[in-house]
Structure formats: C-alpha cells, structure tokens
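What the coordinates show
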Amino acid sequence: MAIIYEKSKALTDKELHYCPGCSHGIVHKLVAEVLEELNLTEKAVGISPVGCSVFAYDYFACDMQEASHGRAPAVATGIKRVLPEAAVFTYQGDGDLASIGMAEIVHAAARGEKFTTIFINNAIYGMTGGQMAPTTLVGQKATTAPLGRDKAHCGSPIRMSEMLGTLDGAAYVARVAVDNIPNLNKAKKAIKTAFELQMQNAGFTFVEVLAACPTNWGKTPLEAVKWLEENMIPVYPLGVVKDIREVAVV
Ligand SMILES: Cc1ncc(C[n+]2csc(CCOP(=O)(O)OP(=O)(O)O)c2C)c(N)n1
Ligand code: SF4
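Residues numbered from 1 in each chain as written. Chains lettered and ligands numbered in written order. Predicted model: local features only at pLDDT ≥ 70, side-chain atom pairs only at ≥ 80, totals over all residues. Heavy atoms only, no water.

**Some words on the overall build of the protein chain**
Applied cut-off: Every helix listed is a DSSP run of H or I at least four residues long, and every strand listed is a run of E at least two residues long, numbered separately from the N terminus. Each radius of gyration is computed over the set of C-alpha atoms, and the globule rule expresses the reference value as 2.2 Å times the number of residues to the power 0.38. Burial here depends on accessible area, computed with a 1.4 Å probe over protein chains only, as a share of the maximum for the residue type. Under 20% is buried, over 50% is exposed, and the range in between is partly exposed. Only heavy atoms enter the contact rule, under which two residues are in contact if any of them lie within 4.5 Å. Here the open area of atoms and residues is found with the Shrake-Rupley method and a 1.4 Å probe, where only the protein chains shown may cover a residue. Charge assignment in this entry is limited to Lys and Arg as positive and Asp and Glu as negative, and neither His nor the chain termini are counted. Taken as the charge centre is NZ of Lys, CZ of Arg, CG of Asp or CD of Glu, depending on the residue.
Helix and strand counts for the protein chain stand at eleven helices and seven strands. Taken over C-alpha atoms, the radius of gyration comes to 17 Å for the protein chain, in line with the 18 Å a tight globule of 250 residues would show. Summarising its shape, the C-alpha atoms of the protein chain cover approximately 50 × 50 × 35 Å along the three principal directions. Relative to its 250 residues, the protein chain shows a buried fraction of 52%. Sequence-distant contacts in the protein chain: of pairs separated by 6 or more residues, those separated by 24 or more amount to 68%. Total accessible area computed for the protein chain in this model is approximately 11,400 Å², and 57% of it derives from carbon and sulfur atoms. Of the charged side chains in the protein chain, 23 are positive and 26 negative; the average position of the first set lies 4 Å away from that of the second.

**Some details on the site of ligand 1**
We apply this condition: Throughout this document, a residue counts as near a molecule or strand when at least one of its heavy atoms sits within 4 Å of that molecule or strand. Polar contacts here mean pairs of N or O atoms no more than 3.5 Å apart (in protein, one a potential hydrogen donor and the other a potential acceptor; neighbouring residues in sequence count only if both atoms are side-chain atoms).
Taken together, 16 residues are adjacent to ligand 1, and His 24, His 69, Asp 94, Asp 96 and Gly 126 come closest. Take His 69: an N or O atom from its side chain is 2.6 Å from a nitrogen atom of ligand 1. A distance of 2.8 Å is found between an oxygen atom of ligand 1 and a backbone nitrogen or oxygen belonging to Gly 126. Protein burial of ligand 1: of its 590 Å² of free accessible surface, 75% is covered by the chains. Of all the elements, helix 4 (residues 94-100) adds the most residues to the shell around ligand 1, at four residues.

**A look at the packing of aromatic side chains**
Convention followed: Stacked, tilted and edge-to-face are the three classes applied to pairs of Phe, Tyr and Trp rings, where Trp contributes its six-membered ring and a pair requires centres within 6.5 Å; stacked means planes under 30 degrees apart, edge-to-face means over 60, and tilted covers the rest.
Applying the stated criterion across every chain, the model contains nine aromatic pairs. Ring geometry for Phe 60 versus Phe 89: centroids 5.5 Å apart, planes at 80 degrees, classification edge-to-face. Note that Phe 60 is positioned in the loop between helix 2 (56-59) and strand 2 (63-66) and Phe 89 in strand 3 (residues 87-93), a separation of 29 residues in sequence. As far as burial versus exposure is concerned, Phe 60 and Phe 89 are alike and both buried. Taking the centre distance of 6.0 Å and the plane angle of 35 degrees together, the rings of Phe 204 and Phe 206 count as tilted. Phe 206 shares its class with Phe 204; the two are buried. Through successive ring pairs, a cluster of aromatic residues spans Phe 60, Phe 89, Tyr 91 and Phe 195.

**Section: unusual backbone geometry**
Phi at Asn 39 takes a positive value of approximately 60 degrees, unusual for a residue other than glycine. Mapped onto the elements of the fold, Asn 39 is located in the loop between helix 1 (24-37) and strand 1 (44-48). You can call Asn 39 exposed: its relative accessible area is 65%. The phi angle at Ala 123 is positive, at roughly 60 degrees, despite the residue not being glycine. In this structure, Ala 123 sits in the loop between strand 4 (116-121) and helix 6 (151-154). Residue Ala 123 is classed as buried on the basis of its relative accessible area, which comes to 0%.

**Here's the deal with the site of ligand 2**
For clarity, the threshold we go by: Polarity classes work like this: nonpolar for Ala, Val, Leu, Ile, Met, Phe, Trp, Tyr, Cys and Pro, charged for Asp, Glu, Lys and Arg, and polar for all others, with Gly in that last group.
Close contacts around ligand 2 come from Tyr 18, Cys 19, Cys 22, His 24, Cys 52, Asn 122, Cys 213, Pro 214, Thr 215 and Asn 216, and that covers them all. Top element by residues in the shell around ligand 2 is helix 9 (residues 214-217). It accounts for three residues. Class assignment for the residues of the shell around ligand 2 results in six nonpolar, four polar and no charged.

**Regarding the nonpolar core**
As a reminder, the rule being used: Put simply, a nonpolar core is a bunch of buried Ala, Val, Leu, Ile, Met, Phe, Trp, Tyr and Cys residues held in one set by side-chain atoms that sit within 4.5 Å of each other.
Counting residues in hydrophobic clusters, the biggest one holds 33 residues, and the most contacted among them are Val 31, Phe 60, Phe 89, Ile 118, Phe 195 and Val 207. Of all elements in the fold, only helix 1, strand 3, strand 4, strand 5 (170-177), helix 8 (181-199) and strand 6 (204-210) reach the threshold of two or more residues within this core. Here this core gets seven residues from one element, more than from any other, and that element is helix 8. With residues up to four places along the chain from it excluded, the contact list for Val 207 reads Thr 117, Ile 118, Phe 119, Tyr 172, Ala 174, Val 176, Ala 190, Ile 191 and Ala 194. Core analysis: the next-biggest nonpolar cluster, separate from the first, contains 22 residues, Val 88, Phe 119, Ala 170 and Phe 204 among them.

See the structure below:
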C-alpha cells in the first residue's frame, strides 16, 4: 500500500504529553519535517527550555541539551561555537524567552550568534498554571491578573520579533501562526528559511510562532484557535520582520 503520510524521522516514537489543541506538538512536527527535508537531523543539536516543552529532548530524534530557565541562547551559543557545522536550535516559550531569559536572547541576537530560535508565543505561562507573561495581551486574564492585564500597571505586550529585528546580528526574523493550513505552510517555510540561513552562516535566525494554550486560556481547542486569530494576530502581525537577503540587494 502506498504510504501517503508518515511521522517525520526527526521525531522519536515517544508519545507527546501536550494538552489537546496545544500548538507545541504541531510546531515540533514542522521543525522535525524541516530538519529531515534539509538533511540536518544527524547534525542538529536542539536546546530544550523550561515550560511545557521542557521534554522536547524526548521528542526530537537529534542531539538535545536541556538548559535552565531562559538560558537556552547561552547554551546554544557555546554549542554552535564549538560545533560550527551543527544545526543548532533553541525551542523556547514566552515565559522562558521573553521574561526569564530576555537578556540571553537579546545579546545572542546582538552578537549575531549563528543558531536558530523557535519562539512559541502563547501569551501566557503554560506549564506553571497560566500566569501573566510579557506577551499577555492587555485585558487578557491570567492567574496573576485575574481582572485582565492592566496596561497602566503592567505595561503592554512585548513584540519580541520587532525588537530583535532592530539588531544588526539578526539575519532573519519572522512571525507566523499555526491556526490554519495556509498559515501552517507559511510557518514551515519560515522555519526552513531560518535553518537554511543558519547553515549559510548568515547570523541569528528567529521564528516566532503564535500558538494556542487552550488549557490556560480556558477554551476548547477550536475556541482557542479563533481567539488567537481575533485577538493575538492584531497585536502580533504575521510576516517577515527582517531578512538579511533583502537588505543585501538594496
Ligand atoms: C527564575 C524562575 N522563574 C520562574 C520559574 C517557574 N517556571 C518554570 S516553567 C515556567 C513557565 C514557562 O512558560 P513558557 O515559557 O511561556 O512556556 P509554556 O509552558 O507556555 O510552553 C515558569 C514560570 C522558575 N522555575 N524559575
Ligand atoms: S498548558 Fe498550554 S502550552 Fe502547556 S501543554 Fe497544555 S495547552 Fe500546551
């Protein structure tokens, strides 16, 4: 019988622990497909974060290293500098990257470290029960903001892609979403471009993925996708924020 679909060989057979409707599993699949298609699985080294995707090291069938809170970019820096031929990536949530590890990611990007970061923006801390993150929307409820994020008290959401895109060391920065099939295809294309540019030594590459956390948003998987489309995309516009190849031709 003809095989029309099979799990990427860049994923292990380990069953994912994510909640129904969580985007982490989808993004794992996209990253794995890209590694396989670019023939990078054997030379890939992934760095797991804290948060719900802490067990990414069990799911990707490549070398993996766990990093402590927010420190994945520092660990990736060391690994890539020692193994310049490796395809190094960090996989980080918004609590890990935009809060706890903000300095790490900013300075790695500023230094133009030649690894790829996959940044999962689900507008909340997932694993620890739904506390407010730097990415939480104004008015969005969180366990630490039960009445909704108050701009006067907590400020506005941080747009990591736009911020990192200002840094000279960033070669490619894009924001994608995994809410429907066309966007999934764009997300995969962006992840592929990020790895391709990394392997060309272009500089730091970063893909922000708008992702659903139905559990902590208190929604069904379908409601969560709709909420993401109606509320997150207007605040976090999709598209390529920076592509060094476009700068090069100007
Ligand atoms: C310095 C420090 N701050 C906070 C925590 C607790 N902590 C561990 S995982 C996590 C949440 C991470 O959330 P996020 O990165 O958004 O990932 P998600 O679970 O949503 O995928 C937090 C707050 C900690 N262990 N240490
Ligand atoms: S708590 Fe949210 S981010 Fe964590 S696995 Fe469940 S849906 Fe995914």
